[in-house]
Amino acid sequence: MLAVHFGAGNIGRGFIGSLLSQSGFEVVFVDVNDELVQHLQERQQYRVVIAGEAREEQIIRGVSALHSQKQYEEVVSRIAQADLVTTAVGPNVLPHIAKVIADGLRKRLSTTEKRVHVIACENMIGGSSFLKKHVMDYLSEEEQAALTPFCGFPNSAVDRIVPNQKNDDPLMVVVEPFFEWVIETKEMIGDIPAIVGAHFVAELQPYIERKLFTVNTGHALAAYLGYAKNYATINEAMEDDLVRADVTKALYESGRVLIEKYGWSAEEHGAYIRKIVQRFTNPAMTDEVTRVARSPIRKLGANDRLVSPASQYYNLFGEIPHRLVKGIAALLLFDYQEDAEAVELQKTIRERGIEGALLQYAQLQADHPLTIAIKEQVDMLK
Ligand SMILES: NC(=O)c1ccc[n+]([C@@H]2O[C@H](COP(=O)([O-])OP(=O)(O)OC[C@H]3O[C@@H](n4cnc5c(N)ncnc54)[C@H](O)[C@@H]3O)[C@@H](O)[C@H]2O)c1
Ligand SMILES: O=P(O)(O)OC[C@@H](O)[C@@H](O)[C@H](O)[C@H](O)CO
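Residues numbered from 1 in each chain as written. Chains lettered and ligands numbered in written order. Predicted model: local features only at pLDDT ≥ 70, side-chain atom pairs only at ≥ 80, totals over all residues.

Engineer: Whenever I open this one, the overall build of the chain confuses me. Can you help?
Structural biologist: Counting secondary structure elements, the chain contains 16 helices and 12 strands. For 382 residues, the compact-globule estimate of 2.2 N^0.38 gives 21 Å, and the chain sits close to it at 21 Å. Along the first, second and third principal axes, the C-alpha atoms of the chain reach 60 × 50 × 45 Å. Looking at the chain residue by residue over its 382 residues, the buried ones come to 47%. Counting contacts in the chain only where the partners sit at least 6 residues apart, residues at least 24 apart contribute 72% of the total. (Helix = DSSP H or I, 4+ residues; strand = E, 2+ residues; numbered from the N terminus. Rg over C-alpha atoms; globule rule 2.2 N^0.38 Å. Buried ≥ 20, exposed ≤ 12 C-beta atoms within 10 Å, placed from the backbone. Contact = placed C-beta atoms within 7 Å.)

Below you can see the structure in the form of structure tokens.
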């Protein structure tokens with residue numbers, strides 16, 4: 001079984017690649033980072049360290065790598081042979097890998113009738129559907145129709161905290177013990193892929209919203225409030241009682257929406273929240289607030305981790321979710337100069353004000369009660 005995985009970064013090596021390799025797939029990573037590609041080509045294996053009490057180590061074997069631009073034709077050939085194509089490149093990069101995937105799928109039409117699944121493993125709702133749309137833009141109507149019985153794009157939700165790595169070994173990756181990969185069966189063609197440890201569900205929406213609006217919502221609050229208080233890591237931010245209380249209260253706000261919408265039991269969801277807060281305080285890992293806060297424009301999106309649960313809360317209950325609002329306000333103050341989106345966001349705020357930025361990136365109108373509450377919070381946090 002062959003898997004072609006785009007993105008040999010933190011989650012690519014630390015989660016998706018390692019799980020696929022352990023499930024018996026030969027894994028070909030595709031990346032644009034020359035150093036990573038070269039090391040993977042030379043060594044064909046790497047180390048994953050599980051940051052728990054025991055610091056267990058796993059050697060991930062049977063892997064190789066290709067450069068997505070310099071070895072374009074080889075990538076196309078490997079996609080033409082693959083049983084599975086996965087991605088962990090970041091939502092903004094998906095449109096940029098669509099062409100090579102389309103070329104690989106086109107090549108399959110004349111070479112094989114084997115089925116293939118393309119699964120985006122990104123923190124976004126409908127990641128594989130989004131990728132599919134971009135891939136299809138490169139294919140003719142005839143090619144799209146011919147591929148339909150042989151190629152599926154199931155959506156998925158991935159959860160494992162993998163911080164930025166600072167190890168002497170450039171391939172080694174330190175990960176948290178917890179992991180969850182939920183894959184929707186609805187868009188699957190033929191057999192369910194044999195991925196050990198993955199959880200297959202008929203409907204992904206409850207799972208992706210639970211993950212994005214709990215793990216990533218809480219993480220975002222810890223990061224943006226932590227940054228505002230000059231903390232460097234998520235652990236440091238969570239040691240601050242006020243930040244921890246805001247994170248936890250925000251999770252009960254988004255939790256109220258999730259319980260109302262999907263009928264999760266309040267008890268079960270409370271346990272899910274407690275587990276997540278515990279994961280944010282794992283003493284065996286160092287996760288920088290600037291990694292978790294990265295790409296604030298993406299995170300301010302109407303369907304993303306802060307604005308979506310806040311809007312849903314307001315629409316369902318007619319009340320302001322004050323802690324989610326505080327998280328959005330803290331995001332708007334994230335002015336980290338090394339983050340291109342933070343720089344752009346601050347420029348927009350200078351030119352168009354908080355209301356202008358909320359309208360442009362979060363589709364929140366100036367007279368919306370959430371906009372008014374966010375603006376008040378920004379003034380309080382400043
Ligand atoms: N790190 C985590 O804790 C975590 C957990 C769950 C989900 N995710 C999601 O996984 C995705 C990747 O996150 P990450 O933390 O691994 O980021 P990362 O920056 O460590 O890895 C991304 C990799 O993609 C590569 N890349 C960029 N452009 C490319 C291209 N055109 N072709 C091929 N490769 C390309 C980069 O070189 C990099 O190696 C994001 O969507 C993120 O939200 C991350
Ligand atoms: O990857 P992002 O930028 O969408 O979000 C940053 C973190 O919250 C994220 O990477 C988490 O560590 C991860 O989603 C945990 O499963």
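Engineer: Can you help me understand the sheet that holds strand S10 (residues 173-175) in this one?
Structural biologist: Pairing between the strands of a sheet comes from backbone hydrogen bonds, and it takes one of two forms, parallel or antiparallel. Pairing is mixed in the open sheet, where three strands are placed in the order S4-S3-S10. Edge strands, defined here as strands with exactly one partner in the open sheet, are strand S4 (57-61) and S10. Neighbour to neighbour, the strand axes of the sheet diverge by 30 degrees on average, direction disregarded. Strand direction decides the pairing type here: strand S3 (residues 45-50) and S4, joined by five bridges, are antiparallel. Bridging from a neighbouring strand, arginine 47 pairs with isoleucine 59 of S4. (Pairing = 2+ DSSP bridges. Axes fitted to C-alpha atoms, helices over the stretch in contact; angles between N-to-C directions.)

Engineer: I tried to follow unusual backbone geometry on my own but got confused; where do I start?
Structural biologist: Glycine aside, residues mostly have negative phi angles, and peptide bonds mostly take the trans form. In the Ramachandran plot, asparagine 230 falls in the positive-phi region, its phi being about 65 degrees despite a non-glycine side chain. By the secondary structure assignment, asparagine 230 is in the loop between helix H7 (205-228) and helix H8 (234-239). Judged by the 9 C-beta atoms lying within 10 Å of it, asparagine 230 falls in the exposed class. Positive phi values are uncommon outside glycine, yet serine 295 reaches one of about 55 degrees. Its location among the elements puts serine 295 in the loop between helix H11 (289-292) and helix H12 (296-299). On the basis of neighbour counts, which here come to 18 C-beta atoms within 10 Å, the residue serine 295 falls in the partly exposed class.

Engineer: When you look at the site of ligand 2 in this model, what are you seeing that I'm missing?
Structural biologist: The environment of ligand 2 is made up of Asn123, Asp159, Arg160, Ile161, Val215, Asn216, His219, Val292, Arg294 and Ser295. The element contributing the most residues to the shell around ligand 2 is H7, with three residues. Of the residues belonging to the shell around ligand 2, the class tally is three nonpolar, four polar and three charged. Viewed by domain, the shell around ligand 2 spans two of them, domain 1 (2-203) and domain 2 (206-381), each represented by three or more residues. (Near = placed C-beta within 6 Å. Nonpolar A, V, L, I, M, F, W, Y, C, P; charged D, E, K, R; others polar. Domains from an automatic or database assignment.)

Engineer: How do you make sense of the site of ligand 1 when you look at a structure like this?
Structural biologist: Among the 26 residues in the neighbourhood of ligand 1, the closest are listed as Gly7, Gly9, Ile11, Glu122 and Asn123. If you list the elements that add at least two residues to the shell around ligand 1, you get helix H1 (10-22), strand S2 (26-31) and helix H4 (94-111). With three residues, the single largest contributor to the shell around ligand 1 is H1. Along the lines of polarity and charge, the residues of the shell around ligand 1 split into 14 nonpolar, nine polar and three charged.

Engineer: Would you mind showing me how to read the pairing of strand S11 (residues 180-184) here?
Structural biologist: A regular strand places its side chains so that they alternate between the two faces of the sheet. For strand S9 (residues 156-159) and S11, the ladder comprises four bridges, and the chain directions are antiparallel. Its bridge partner lying in S11, aspartate 159 is registered against glutamate 180. Across three bridges, S11 lies against strand S12 (residues 199-201) in parallel orientation. Pairing of valine 182 across the sheet is with histidine 199, part of S12.

Engineer: Sorry, what's going on with the nonpolar core here?
Structural biologist: Inside soluble globular proteins, nonpolar side chains tend to come together where they are buried. Core analysis: the largest hydrophobic core is formed by 118 residues, its most contacted members being Ile101, Ala222, Ala223, Tyr224, Ile328 and Leu331. With 12 residues, the single largest contributor to this core is H7. Among the domains, domain 1 (2-203) and domain 2 (206-381) are the pair contributing at least three residues each to this core. (Core = buried A, V, L, I, M, F, W, Y, C linked by C-beta atoms within 7 Å.)

Engineer: Please explain the domain arrangement of the chain as it appears in this structure.
Structural biologist: Quite often, the size of an interface is put as the accessible area lost when its parts meet. Along its sequence, the chain is carved into domain 1 (2-203) and domain 2 (206-381). Once you take the C-alpha centre of each, domain 1 and domain 2 turn out to be 28 Å apart. Each side of the interface is counted separately: domain 1 has 17 residues, and domain 2 has 17 residues. Split into classes, the residues belonging to the side of domain 1 that touches domain 2 amount to 10 nonpolar, four polar and three charged.

Engineer: Explanation requested: the packing of H7 against helix H9 (residues 241-262) in the structure shown.
Structural biologist: To characterise two packed helices, one gives the angle between the axes of the helices and the distance between these axes. Where H7 meets H9, the axes come as close as 9 Å, and the angle between the chain directions of the two elements is 160 degrees. Taken as axis vectors, H7 and H9 run roughly antiparallel relative to one another. Between H7 and H9 lies a crossing whose hand is right-handed. Residues Pro206, Glu209, Arg210, Phe213, Thr214, Thr217, Gly218, Leu221, Ala222, Leu225 and Gly226 of H7 lie in contact with H9, whose contacting residues are Val243, Asp246, Val247, Ala250, Leu251, Ser254, Gly255, Leu258 and Tyr262. Taken together, the residues that form the contact of H7 with H9 break down as 11 nonpolar, six polar and three charged. (Parallel < 35°, antiparallel > 145°, perpendicular 65-115°, else oblique. Left-handed = near helix turned anticlockwise from the far one by under 90°.)

Engineer: Would you take a moment to explain the sheet that holds S9 for this structure?
Structural biologist: Strand order in the open sheet made by the three strands is S9-S11-S12, with mixed pairing throughout. Two strands in the sheet have a free side with no partner beyond their single neighbour: S9 and S12. Strand-to-strand twist of the sheet, defined as the mean angle between neighbouring strand axes without regard to direction, takes the value 15 degrees.

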